[in-house]
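As a plain string of letters, each chain reads:
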Amino acid sequence: MSYAIKQGADYIFLLNQDAYLETDTIDSLIKAHKLNTDYGILSPVHLNGSGEKLDWNFSTYLETGTLEIVQDAIVSNKRNNKIHDVPFVNAAAWLLPIKTINTIGGFDPIFFHYGEDNNYCQRVLYHGLKVGVVTNAYIQHDRNNKGLTPNITSEEALKKREKQLKVNWADVNKNSFFEISQRKQKLFKKLFYSLIKFNFNDVKYRWAEIHLINAIIPEIKKSKQKNRIKGKHYINE
(Lines give C-alpha, C1' and ligand atoms only; values in the text may rest on other atoms or scores of the structure.)
Protein backbone atom coordinates (compact mmCIF):
# COMPACT_ATOMS: atom_id res chain seq x y z
CA MET A 1 0.00 0.00 0.00
CA SER A 2 2.79 2.39 0.92
CA TYR A 3 4.56 1.68 -2.35
CA ALA A 4 1.39 2.26 -4.38
CA ILE A 5 0.78 5.59 -2.64
CA LYS A 6 4.36 6.71 -3.33
CA GLN A 7 3.91 5.81 -7.01
CA GLY A 8 0.81 8.02 -7.24
CA ALA A 9 -1.68 5.17 -7.68
CA ASP A 10 -5.36 6.01 -8.03
CA TYR A 11 -6.43 2.59 -6.75
CA ILE A 12 -5.08 -0.30 -4.72
CA PHE A 13 -6.36 -3.81 -5.43
CA LEU A 14 -6.09 -6.56 -2.82
CA LEU A 15 -6.23 -10.20 -3.93
CA ASN A 16 -5.94 -13.40 -1.92
CA GLN A 17 -3.36 -15.97 -2.95
CA ASP A 18 -6.18 -18.47 -3.61
CA ALA A 19 -8.31 -16.13 -5.75
CA TYR A 20 -8.21 -15.71 -9.54
CA LEU A 21 -9.26 -12.79 -11.70
CA GLU A 22 -11.22 -12.72 -14.90
CA THR A 23 -9.75 -10.57 -17.67
CA ASP A 24 -12.07 -7.62 -17.05
CA THR A 25 -12.49 -7.82 -13.26
CA ILE A 26 -10.37 -4.83 -12.25
CA ASP A 27 -11.53 -2.75 -15.22
CA SER A 28 -15.18 -3.36 -14.29
CA LEU A 29 -14.55 -2.36 -10.69
CA ILE A 30 -12.77 0.85 -11.65
CA LYS A 31 -15.52 1.81 -14.11
CA ALA A 32 -18.11 1.19 -11.39
CA HIS A 33 -16.24 3.39 -8.92
CA LYS A 34 -15.82 6.28 -11.35
CA LEU A 35 -19.61 6.39 -11.63
CA ASN A 36 -20.13 5.88 -7.88
CA THR A 37 -17.38 7.67 -5.98
CA ASP A 38 -19.13 7.38 -2.59
CA TYR A 39 -17.91 3.78 -2.26
CA GLY A 40 -14.85 3.18 -0.12
CA ILE A 41 -14.61 -0.53 -0.97
CA LEU A 42 -15.80 -2.31 -4.10
CA SER A 43 -15.72 -6.08 -4.38
CA PRO A 44 -16.44 -8.41 -7.28
CA VAL A 45 -18.76 -11.39 -6.92
CA HIS A 46 -16.88 -14.36 -5.42
CA LEU A 47 -17.42 -17.63 -7.27
CA ASN A 48 -16.10 -20.97 -6.08
CA GLY A 49 -12.99 -22.61 -7.53
CA SER A 50 -14.86 -24.10 -10.50
CA GLY A 51 -16.64 -20.82 -11.26
CA GLU A 52 -20.01 -22.61 -11.35
CA LYS A 53 -21.64 -21.11 -8.26
CA LEU A 54 -21.06 -18.65 -5.45
CA ASP A 55 -18.27 -19.14 -2.95
CA TRP A 56 -19.69 -20.91 0.10
CA ASN A 57 -19.11 -17.96 2.45
CA PHE A 58 -19.65 -15.05 0.07
CA SER A 59 -23.38 -15.79 -0.21
CA THR A 60 -23.83 -14.94 3.48
CA TYR A 61 -22.88 -11.30 2.84
CA LEU A 62 -25.82 -10.65 0.51
CA GLU A 63 -29.41 -9.94 1.44
CA THR A 64 -31.98 -12.48 0.22
CA GLY A 65 -33.22 -10.44 -2.74
CA THR A 66 -29.71 -9.52 -3.86
CA LEU A 67 -28.53 -13.11 -3.47
CA GLU A 68 -31.27 -14.35 -5.81
CA ILE A 69 -30.40 -11.70 -8.42
CA VAL A 70 -26.72 -12.66 -8.35
CA GLN A 71 -27.42 -16.38 -8.48
CA ASP A 72 -29.79 -15.93 -11.44
CA ALA A 73 -27.13 -13.90 -13.25
CA ILE A 74 -24.60 -16.70 -12.78
CA VAL A 75 -26.99 -19.35 -14.11
CA SER A 76 -28.16 -17.26 -17.10
CA ASN A 77 -24.70 -15.73 -17.70
CA LYS A 78 -26.41 -12.34 -17.95
CA ARG A 79 -24.43 -9.96 -15.79
CA ASN A 80 -25.60 -6.50 -14.85
CA ASN A 81 -23.54 -3.55 -13.69
CA LYS A 82 -25.36 -2.79 -10.47
CA ILE A 83 -23.68 -2.18 -7.12
CA HIS A 84 -25.28 -3.80 -4.09
CA ASP A 85 -24.55 -2.24 -0.71
CA VAL A 86 -23.30 -4.61 2.00
CA PRO A 87 -22.08 -3.94 5.55
CA PHE A 88 -19.20 -6.37 5.03
CA VAL A 89 -17.44 -8.36 2.34
CA ASN A 90 -14.19 -10.19 2.98
CA ALA A 91 -10.97 -8.80 1.57
CA ALA A 92 -10.26 -11.65 -0.86
CA ALA A 93 -10.65 -9.11 -3.69
CA TRP A 94 -11.02 -5.44 -2.78
CA LEU A 95 -10.71 -2.35 -4.92
CA LEU A 96 -9.65 0.51 -2.65
CA PRO A 97 -9.71 4.01 -4.15
CA ILE A 98 -6.83 6.15 -2.92
CA LYS A 99 -9.42 8.34 -1.15
CA THR A 100 -10.20 5.37 1.07
CA ILE A 101 -6.55 4.93 2.04
CA ASN A 102 -6.19 8.66 2.77
CA THR A 103 -9.34 8.61 4.91
CA ILE A 104 -9.12 5.20 6.62
CA GLY A 105 -5.49 4.13 6.36
CA GLY A 106 -4.38 0.50 6.43
CA PHE A 107 -5.36 -2.56 8.44
CA ASP A 108 -5.35 -2.23 12.22
CA PRO A 109 -2.46 -4.28 13.65
CA ILE A 110 -4.48 -5.42 16.68
CA PHE A 111 -5.80 -8.07 14.26
CA PHE A 112 -3.14 -10.63 13.45
CA HIS A 113 -5.04 -12.88 11.05
CA TYR A 114 -8.78 -12.66 10.32
CA GLY A 115 -10.99 -9.89 11.61
CA GLU A 116 -8.91 -7.14 10.03
CA ASP A 117 -11.32 -6.85 7.09
CA ASN A 118 -14.35 -6.73 9.40
CA ASN A 119 -12.71 -3.86 11.25
CA TYR A 120 -11.81 -2.06 8.02
CA CYS A 121 -15.40 -2.19 6.74
CA GLN A 122 -16.62 -0.83 10.07
CA ARG A 123 -14.22 2.11 9.73
CA VAL A 124 -15.22 2.77 6.11
CA LEU A 125 -18.88 2.99 7.09
CA TYR A 126 -18.09 5.17 10.13
CA HIS A 127 -16.37 7.75 7.90
CA GLY A 128 -19.33 8.04 5.57
CA LEU A 129 -18.20 5.81 2.70
CA LYS A 130 -19.98 2.71 1.44
CA VAL A 131 -19.10 -0.94 0.84
CA GLY A 132 -20.46 -2.53 -2.32
CA VAL A 133 -20.46 -5.63 -4.51
CA VAL A 134 -20.27 -5.01 -8.27
CA THR A 135 -22.32 -7.67 -10.03
CA ASN A 136 -20.57 -7.58 -13.42
CA ALA A 137 -17.14 -8.23 -11.89
CA TYR A 138 -16.13 -11.75 -10.85
CA ILE A 139 -13.33 -13.71 -9.22
CA GLN A 140 -12.94 -17.39 -8.47
CA HIS A 141 -12.08 -18.06 -4.84
CA ASP A 142 -10.56 -21.52 -4.89
CA ARG A 143 -10.85 -22.72 -1.30
CA ASN A 144 -12.51 -25.51 0.63
CA ASN A 145 -15.56 -25.13 2.84
CA LYS A 146 -13.99 -25.60 6.25
CA GLY A 147 -17.31 -25.62 8.07
CA LEU A 148 -17.19 -26.20 11.81
CA THR A 149 -13.90 -27.26 13.37
CA PRO A 150 -14.60 -30.12 15.81
CA ASN A 151 -12.59 -30.84 18.93
CA ILE A 152 -10.51 -27.68 19.00
CA THR A 153 -8.22 -27.14 21.98
CA SER A 154 -8.98 -24.59 24.67
CA GLU A 155 -6.06 -22.49 23.38
CA GLU A 156 -7.53 -22.50 19.86
CA ALA A 157 -10.96 -21.65 21.24
CA LEU A 158 -9.49 -18.75 23.19
CA LYS A 159 -7.70 -17.42 20.11
CA LYS A 160 -10.97 -17.58 18.18
CA ARG A 161 -12.71 -15.79 21.03
CA GLU A 162 -10.06 -13.04 20.99
CA LYS A 163 -10.78 -12.33 17.32
CA GLN A 164 -14.55 -12.28 17.92
CA LEU A 165 -14.25 -9.90 20.86
CA LYS A 166 -11.93 -7.54 19.02
CA VAL A 167 -14.16 -7.45 15.92
CA ASN A 168 -17.17 -6.66 18.09
CA TRP A 169 -15.66 -4.30 20.64
CA ALA A 170 -13.26 -2.38 18.37
CA ASP A 171 -16.20 -1.37 16.15
CA VAL A 172 -15.97 2.44 15.93
CA ASN A 173 -19.70 2.66 15.22
CA LYS A 174 -20.75 1.70 18.74
CA ASN A 175 -19.90 2.14 22.41
CA SER A 176 -18.78 -1.28 23.59
CA PHE A 177 -17.62 -0.73 27.15
CA PHE A 178 -20.93 -1.48 28.87
CA GLU A 179 -20.98 -4.74 26.89
CA ILE A 180 -17.43 -5.48 28.06
CA SER A 181 -18.44 -4.94 31.67
CA GLN A 182 -21.45 -7.25 31.26
CA ARG A 183 -19.30 -9.95 29.68
CA LYS A 184 -16.86 -9.90 32.58
CA GLN A 185 -19.68 -10.12 35.11
CA LYS A 186 -21.13 -13.16 33.33
CA LEU A 187 -17.73 -14.81 33.20
CA PHE A 188 -17.19 -14.34 36.94
CA LYS A 189 -20.61 -15.89 37.63
CA LYS A 190 -19.85 -18.86 35.37
CA LEU A 191 -16.45 -19.23 36.98
CA PHE A 192 -18.03 -19.31 40.45
CA TYR A 193 -20.61 -21.94 39.47
CA SER A 194 -17.93 -24.07 37.83
CA LEU A 195 -15.80 -23.76 40.94
CA ILE A 196 -18.50 -25.01 43.33
CA LYS A 197 -19.14 -27.91 40.93
CA PHE A 198 -15.40 -28.72 40.89
CA ASN A 199 -15.30 -28.26 37.11
CA PHE A 200 -11.73 -27.03 37.14
CA ASN A 201 -11.22 -27.23 33.36
CA ASP A 202 -14.07 -24.76 32.90
CA VAL A 203 -12.73 -22.58 35.73
CA LYS A 204 -9.38 -22.47 33.96
CA TYR A 205 -10.97 -21.49 30.64
CA ARG A 206 -13.22 -18.79 32.18
CA TRP A 207 -10.29 -17.29 34.05
CA ALA A 208 -8.21 -17.31 30.87
CA GLU A 209 -10.95 -15.37 29.03
CA ILE A 210 -11.17 -12.81 31.85
CA HIS A 211 -7.40 -12.38 31.65
CA LEU A 212 -7.68 -12.06 27.84
CA ILE A 213 -10.33 -9.33 28.12
CA ASN A 214 -8.22 -7.36 30.58
CA ALA A 215 -5.26 -7.64 28.19
CA ILE A 216 -7.10 -6.46 25.05
CA ILE A 217 -9.09 -3.58 26.58
CA PRO A 218 -6.18 -1.09 26.31
CA GLU A 219 -5.62 -2.15 22.68
CA ILE A 220 -9.30 -1.68 21.88
CA LYS A 221 -9.47 1.75 23.53
CA LYS A 222 -6.42 2.95 21.62
CA SER A 223 -7.71 1.46 18.35
CA LYS A 224 -11.13 3.12 18.59
CA GLN A 225 -9.66 6.48 19.53
CA LYS A 226 -7.31 6.40 16.56
CA ASN A 227 -9.73 4.99 13.98
CA ARG A 228 -12.39 7.61 14.65
CA ILE A 229 -9.98 10.21 13.25
CA LYS A 230 -9.44 10.42 9.50
CA GLY A 231 -5.93 9.72 8.29
CA LYS A 232 -3.49 7.26 6.71
CA HIS A 233 -3.23 5.21 9.88
CA TYR A 234 -0.89 2.19 9.91
CA ILE A 235 0.72 3.21 6.62
CA ASN A 236 4.50 3.62 7.07
CA GLU A 237 4.12 3.20 10.84
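Report on the accompanying structure.

Rules of the game
- Residue numbers here run from 1 along each chain, matching the order of that chain's written sequence.
- Side-chain atom pairs in this predicted model are given and counted only at pLDDT of 80 or more, local residue features only at pLDDT of at least 70, and totals for whole chains, interfaces and linings cover all residues.
- Hydrogens and water molecules were not included; the side-chain quantities draw on all heavy atoms of the structure.
- For every residue, the accessible area (1.4 Å probe, protein chains only) is compared with the maximum for its type, and the residue is labelled buried under 20%, exposed over 50%, or partly exposed between those bounds.
- Note on conventions: DSSP H or I runs of at least 4 residues are helices, E runs of at least 2 residues are strands, and numbering of each starts at the N terminus.
- The rule for pairing is simple: two strands pair if DSSP sees at least two bridges between them.
- We call Phe, Tyr and Trp rings a pair once their centres come within 6.5 Å, taking the six-membered ring for Trp, and we label the pair stacked below 30 degrees between planes, edge-to-face above 60, and tilted otherwise.
- To estimate the expected span of a helix, count its residues, drop one, and scale the result by 1.5 Å.
- Given a residue, its bend is the angle between the two axes fitted to the seven residues that end at it and to the seven that start from it.
- Comment: axis = line fitted to C-alpha atoms, over the contacting stretch for helices; angle = value between 0 and 180 degrees taken between N-to-C directions.
- Note on angle classes: values under 35 degrees are labelled roughly parallel, values over 145 roughly antiparallel, values of 65 to 115 roughly perpendicular, and the remainder oblique.
- Take the far helix as the reference: if the near one is turned anticlockwise from it by less than a right angle, the crossing is left-handed, and if turned clockwise, right-handed.
- Note on contacts: a residue pair qualifies if any of its non-hydrogen atoms lie within 4.5 Å across the two residues.
- Salt bridges are defined by distance alone: a side-chain nitrogen of Lys or Arg within 4 Å of a carboxyl oxygen of Asp or Glu.

### Here we look at the pairing of strand 6 (residues 130-141)
Then, in step 1: Most of strand 6 sits inside the fold, with nine of its twelve residues counted as buried.
Then, in step 2: Note that strand 2 (residues 19-21) and strand 6 share three bridges and pair antiparallel. By the bridge assignment, Leu21 is partnered in strand 6 with Ile139.
Then, in step 3: Where strand 3 (residues 39-47) lies against strand 6, eight bridges are found, and the strand directions are parallel. In the sheet register, Val45 faces strand 6, and the bridge partner there is Tyr138.
Then, in step 4: With three bridges joining them, strand 4 (residues 83-85) and strand 6 adopt antiparallel strand pairing. Paired with His84 across the strands is Val133, a residue of strand 6.

### Quick notes on the packing of aromatic side chains
Then, in step 1: Inspection of the entire model under this criterion finds seven aromatic pairs.
Then, in step 2: Put simply, the rings of Phe58, Tyr61 and Phe88 pair up and form one aromatic cluster.

### A closer look at helix 8 (residues 200-227)
Then, in step 1: Under the 1.5 Å per step criterion, the end-to-end length of helix 8 is 40 Å for 28 residues, consistent within 8% with the ideal 40 Å.
Then, in step 2: Largest kink in helix 8: about 35 degrees, centred on Ile216, with the proline Pro218 one to four residues after it.

### As for the packing of helix 6 (residues 154-169) against helix 7 (residues 177-196)
Then, in step 1: Two elements in contact, helix 6 and helix 7, have axes whose closest approach is 10 Å; the angle formed by their N-to-C orientations is 150 degrees. The angle between helix 6 and helix 7 places the two elements in the roughly antiparallel class. Judged by the twist between their axes, the crossing of helix 6 over helix 7 is right-handed. Counting all contacts with helix 6, which are made through Arg161, Asn168 and Trp169, the residues of helix 7 involved are Glu179, Ile180 and Arg183.

### Describing the pattern of salt bridges
Then, in step 1: Taken as a whole and judged by the stated rule, the model has ten salt bridges.
Then, in step 2: Of the charged contacts, one joins Glu162 and Lys166 as a salt bridge, the two residues approaching to 3.0 Å between their closest N and O atoms. Of the two residues, Glu162 and Lys166 both sit in helix 6, four residues apart, roughly one turn of that helix.
Then, in step 3: Assessed through its relative accessible area of 15%, Glu162 is described here as buried.
Then, in step 4: Assessed through its relative accessible area of 6%, Lys166 is described here as buried.
Then, in step 5: As a salt-bridge pair, Glu219 and Lys166 come within 3.5 Å of each other at their nearest N and O atoms. Of this pair, Glu219 sits in helix 8 while Lys166 sits in helix 6; the two residues are 53 residues apart in sequence, bridging distant segments of the chain.
Then, in step 6: Residue class for Glu219 comes out partly exposed when judged on its relative accessible area of 32%.
Then, in step 7: Through salt bridges with shared partners, a single network forms among Lys159, Glu162, Lys166 and Glu219.

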